[in-house]
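Structural overview
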Amino acid sequence: MYTIKIMNEFLHGAIWVYEDGIPSSWDKIDADPTLSDLNRQTMELYASYFEFDTNGESYTYNESLERQTKGEMLSLIRKIKERLHELNNGDFEVEDYETERLMNL
Amino acid sequence: MGSGSKFHGGLSTRGGSQDAAADSKTVGRSLANNALIKELQAKGARINVKDTLFITKDKTGMIVWLEKGNAKGGLQHILDGNGKTPGHAADFKKAFGVSRQNVPTYIKQVVKNGKLVSNKTISVGGGRLGYERVYYYNGRYHLVTGVGTNGFIVSAYPVKLKK
């Protein structure tokens, strides 16, 4: 049984495939062009919040930019969940760790 | 069909912070005169020496380092996520048998001694780059690191080898 976790990560994208509790790969999800494109968009948007060697810090996370663009991220995640719903024939479950967090920003 | 949200309560970030803080007290001091840190600083990199857990050259020859960090990047993020996401402490335990207090040492070991199987340079907007590096060390899993333009390790996690 697979679990698809929705959680943003630097250079990864929001879609995580877990098998037996460990990050994994699964062609059903990884090879779907719609999901791949949406995942890439979340990766690029999320990565844009990171800055390196600025403000005297090794890195900073631009929370203001994340708040400004949270509508875009929420839209991408909604589309991801809709596509996952289309693909799901009972062989995976979805855990969304982002929507509530983003809505509360 | 399985599309509902699940939010796991009770995820502690305190344990990770305390572990990392304990490590940084000793490691940061010992790194104060480290040649790699001096090399980084000479290039203009902003490394928080007192919070640095390790620094090394990876298989590409790039200087990379892991800091205690916070919810968005570094060890605290790797172990405990952002406060809503679960983090990867349990993933390290399941995949590599590595307990949370040994995660920094394990990451250093793999980055330094593992086989680099993938090295992607990824545009992160504004003309900036990030580096996704995948290592094989042993067993059935890869270790993936997400590294910033300057060598700061934002995240690391195991991934099961493709069948």
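Heads up: the structure comes first, above all this text.
First things first, this report covers the structure right here in the doc. What you see is a predicted model; the values in this text were computed from it and never measured.

Describing helix α5 (residues 103-113) of chain B
For α5 of chain B, the complete set of buried residues consists of V103, P104, Y106, I107, V110 and V111 of chain B. Within α5 of chain B, the buried residues cover an arc of 165 degrees as seen down the axis, which keeps them to one side.

Quick word on the environment of I153 of chain B
Inspection of the secondary structure assignment puts I153 of chain B in strand β6 (residues 153-160). Other than its neighbours up to four places away in sequence, I153 of chain B contacts F54, V64, W65, L66, G74, G146 and V147 of chain B.

Re the packing of helix α2 (residues 33-47) of chain A against helix α4 (residues 70-87) of chain A
Residues and elements named next belong to chain A. It is the contact of α2 with α4, at a shortest axis distance of 10 Å, that shows an interaxial angle of 155 degrees. Classed by the angle they form, the pair α2 and α4 counts as roughly antiparallel. Crossing of α2 against α4: the hand is left-handed. For the pair α2 and α4, the contacting residues are T34, L35, L38, Q41, T42, L45 and Y46 in the first and E72, M73, L76, K79, I80, R83, L84 and L87 in the second. When the residues that make up the contact of α2 with α4 are grouped by side-chain class, the tally is 9 nonpolar, 3 polar and 3 charged.

Quick notes on the sheet that holds strand β4 (residues 129-136) of chain B
All names here are of chain B. One open sheet holds the 4 strands; their spatial order is β3-β4-β5-β6, and the pairing between them is antiparallel. Unpaired on one side and paired on the other, β3 (115-123) and β6 mark the two borders of the sheet. Across the sheet, the mean angle from the axis of one strand to that of its neighbour is 20 degrees, orientation sign disregarded. Relative to β6, helix α4 (residues 89-96) is tilted by about 40 degrees, and along the sheet it contacts β5 (141-147) and β6. Contacting β3, β4, β5 and β6, α5 runs over the sheet at an angle of about 95 degrees to β5.

What counts as what
- Residues numbered from 1 in each chain as written.
- Chains lettered and ligands numbered in written order.
- Predicted model: local features only at pLDDT ≥ 70, side-chain atom pairs only at ≥ 80, totals over all residues.
- Heavy atoms only, no water.
- Buried < 20%, exposed > 50% of the residue type's maximum accessible area, 1.4 Å probe, protein only.
- Helix = DSSP H or I, 4+ residues; strand = E, 2+ residues; numbered from the N terminus.
- Arc of directions from axis to C-beta.
- Contact = heavy atoms within 4.5 Å.
- Axes fitted to C-alpha atoms, helices over the stretch in contact; angles between N-to-C directions.
- Parallel < 35°, antiparallel > 145°, perpendicular 65-115°, else oblique.
- Left-handed = near helix turned anticlockwise from the far one by under 90°.
- Nonpolar A, V, L, I, M, F, W, Y, C, P; charged D, E, K, R; others polar.
- Pairing = 2+ DSSP bridges.

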